[in-house]
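# Structural overview
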Amino acid sequence: MPSPILELKDVYFRYERDWVLEHIDLTINQGQFWALVGPNGSGKSTMLKIILGLLTPQKGTVKWFGNDRKEFKHWEKIGYVSQKANSFNTGFPATVYEVVASGLVKKAGLFQRIGKKYRKDILDAISAVGMSDFLQRNIGELSGGQQQRVFIARAIVSKPEVLILDEPTVGIDHQHVQAFYQMLEQLNKESGMTLLLVTHDMGAVSTRVSHVACLHKHLHFHGTSNDFEQLDQGDLSGVYGHEVQLLQHEHVHEEELQR
Ligand SMILES: Nc1ncnc2c1ncn2[C@@H]1O[C@H](COP(=O)(O)OP(=O)(O)OP(=O)(O)O)[C@@H](O)[C@H]1O
C-alpha cells in the first residue's frame with residue numbers, strides 16, 4: 001500500500017457568503033506527480049493556502065503524513081516555490097550557488113556558515129535542475145526560466161519529501177516550458193520526490209504528470225493522467241463548460257497577446 005502524504009477529506013471553504021471550495025476529497029501518495037488544474041478563479045490558490053496551512057477550512061480535514069494539519073509540525077518536509085519567485089529583483093547581488101545555499105539557512109542555522117558540510121548538497125540540487133554551468137553567475141543575469149530552476153534548487157536543497165509549485169512556468173518563454181516540465185519529471189522519477197504542480201495549463205502538463213485533479217469549486221476529476229487522457233471533449237466541457245477552450249488554448253492566447 002502506498003503511504004498517503006496529503007489527505008483532504010470533505011473540505012469546504014468560503015471567504016464570504018458563497019463557498020469557494022466544496023466537498024474536496026483528495027489523497028496524494030508518496031512518489032506521485034500531481035497537477036492541480038483549473039481556470040482563473042476556480043479556487044486553486046485557495047486550496048493551496050489550505051494545504052500550506054495558511055487558511056483554515058470551515059469544514060473537513062487536512063492531514064499531512066497522517067497528522068491533522070493543526071498538530072503537524074514538520075513543515076521542513078514540504079518545499080514550496082511560489083509564483084512570485086519569477087518576479088525576483090534582478091539587481092539582487094547573489095550568485096546561483098549563494099541563492100541555493102540560502103535554502104539551507106533553516107537547517108544549518110542562521111548564524112552558522114554554510115560551509116563544506118553542505119557543499120555537496122548544494123551542488124547536487126543545482127545539478128538536479130540542470131544549472132551546474134551557472135554556479136557563479138549572478139541570479140539577475142539569468143532568464144526567467146533559469147531563475148525558476150534556481151528557486152527550485154533552493155527549495156529542494158534541504159531535501160523535502162514533497163515539492164509544491166504554484167504556476168512555475170508563468171515567467172518562462174514558450175520554447176523552454178517543455179524542458180522545464182521534463183526537469184520536474186526527472187526530479188520526480190529519479191529522486192522519488194512527490195510533486196504537486198498548480199497550473200491553468202492543462203494541455204502542457206497532462207503527459208508529464210502521473211495524476212491530475214481538475215478544480216472548479218468542486219474537484220470534477222481526480223485520478224491518473226491515463227484516465228484523464230481518456231476523457232473526451234464532451235466530458236471536459238461537462239466539467240468546465242465554455243472555459244474548456246480557454247483552458248486548452250490559453251498559452252496560445254498569451255503568445256498572441258505578446259505579439
Ligand atoms: N481574500 C479573498 N477574499 C474574498 N474572495 C476571495 C479572496 N481570494 C480569492 N477570492 C475569491 O475566491 C475565488 C477563488 O479564487 P482563487 O484565487 O483561489 O482562484 P484561482 O483558481 O487561484 O485563480 P487564478 O488562477 O486566477 O489565480 C474567486 O472567486 C476569488 O474572487
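Overview of the structure. No experiment lies behind these values; they were computed from the predicted model shown. (Residues numbered from 1 in each chain as written. Predicted model: local features only at pLDDT ≥ 70, side-chain atom pairs only at ≥ 80, totals over all residues. Heavy atoms only, no water.)

### Overview of empty space enclosed by the protein
Inspection of the entire model under this criterion finds one cavity of 30 Å³ or more. Looking at the largest cavity, its volume works out to about 30 Å³. Lining of the largest cavity is provided by Ile5, Leu6, Ile28, Trp64, Val162, Thr194 and Leu196. Elements with a minimum of two residues in the lining of the largest cavity: β1 (4-13) and β8 (194-199). For the lining of the largest cavity, the per-class residue count stands at six nonpolar, one polar and no charged. (1 Å grid on protein atoms, 1.4 Å probe; cavity = no way out; pocket = protein on both sides within 12 Å on 5 of 7 lines; lining within 4 Å. Points joined across faces, edges and corners; volume = space filled by probe spheres on them. Helix = DSSP H or I, 4+ residues; strand = E, 2+ residues; numbered from the N terminus. Nonpolar A, V, L, I, M, F, W, Y, C, P; charged D, E, K, R; others polar.)

### What to know about the sheet that holds β1
Pairing between the strands of a sheet comes from backbone hydrogen bonds, and it takes one of two forms, parallel or antiparallel. Overall, antiparallel pairing links the four strands, which are arranged β2-β1-β4-β5 in an open sheet. Because the sheet does not close on itself, it has two edges, and the strands there are β2 (21-29) and β5 (67-68). Sheet topology places strand β4 (residues 59-64) next to β5; two bridges connect them, and they run antiparallel. Along β5, the bridge assignment pairs lysine 63 with aspartate 68. Packed on one face of the sheet, helix α1 (residues 44-51) meets β1, β2 and β4 and runs near 120° to β1. (Pairing = 2+ DSSP bridges. Contact = heavy atoms within 4.5 Å. Axes fitted to C-alpha atoms, helices over the stretch in contact; angles between N-to-C directions.)

### Some words on the pattern of salt bridges
This model, assessed by the stated rule, comprises six salt bridges. A salt bridge links lysine 9 to glutamate 7, with the shortest nitrogen-to-oxygen separation between them at 3.7 Å. Classification of lysine 9 as partly exposed rests on a relative accessible area of 47%. Judged by relative accessible area, which is 16%, glutamate 7 ranks as buried. For glutamate 185, the salt bridge is made with lysine 189, and the minimal N-O distance between the two is 3.2 Å. You can see glutamate 185 and its partner lysine 189 sitting in helix α6 (residues 174-191), four residues apart, about one turn around the helix. Here glutamate 185 falls in the buried class, since its relative accessible area comes to 15%. Overall, the relative accessible area of 61% leaves lysine 189 in the exposed class. (Salt bridge = Lys/Arg side-chain N within 4 Å of Asp/Glu carboxyl O. Buried < 20%, exposed > 50% of the residue type's maximum accessible area, 1.4 Å probe, protein only.)

### Some points on the side chain of asparagine 188
Examined against the element boundaries, asparagine 188 turns out to sit in helix α6. Among the polar contacts listed, one links the side chain of asparagine 188 to the backbone oxygen of methionine 193, at a separation of 2.9 Å. Residues within four places of asparagine 188 in sequence aside, it is in contact with Gly31, Gln32, Phe33, Met193 and Leu195. (Polar contact = N/O pair within 3.5 Å; in protein donor to acceptor, adjacent residues only side chain to side chain.)

### As for the packing of helix α5 (residues 144-156) against α6
Interaxial distance between α5 and α6 falls to 12 Å at its minimum, and their mutual angle equals 15°. Taken together, the axes of α5 and α6 are roughly parallel relative to one another. Crossing handedness for the pair α5 and α6: right-handed. Here Gln148, Arg149, Ile152 and Ile156 of α5 lie close against α6, whose contacting residues are Ala179, Phe180, Met183, Leu184 and Leu187. Its residues assigned to classes, the contact of α5 with α6 shows seven nonpolar, one polar and one charged. (Parallel < 35°, antiparallel > 145°, perpendicular 65-115°, else oblique. Left-handed = near helix turned anticlockwise from the far one by under 90°.)

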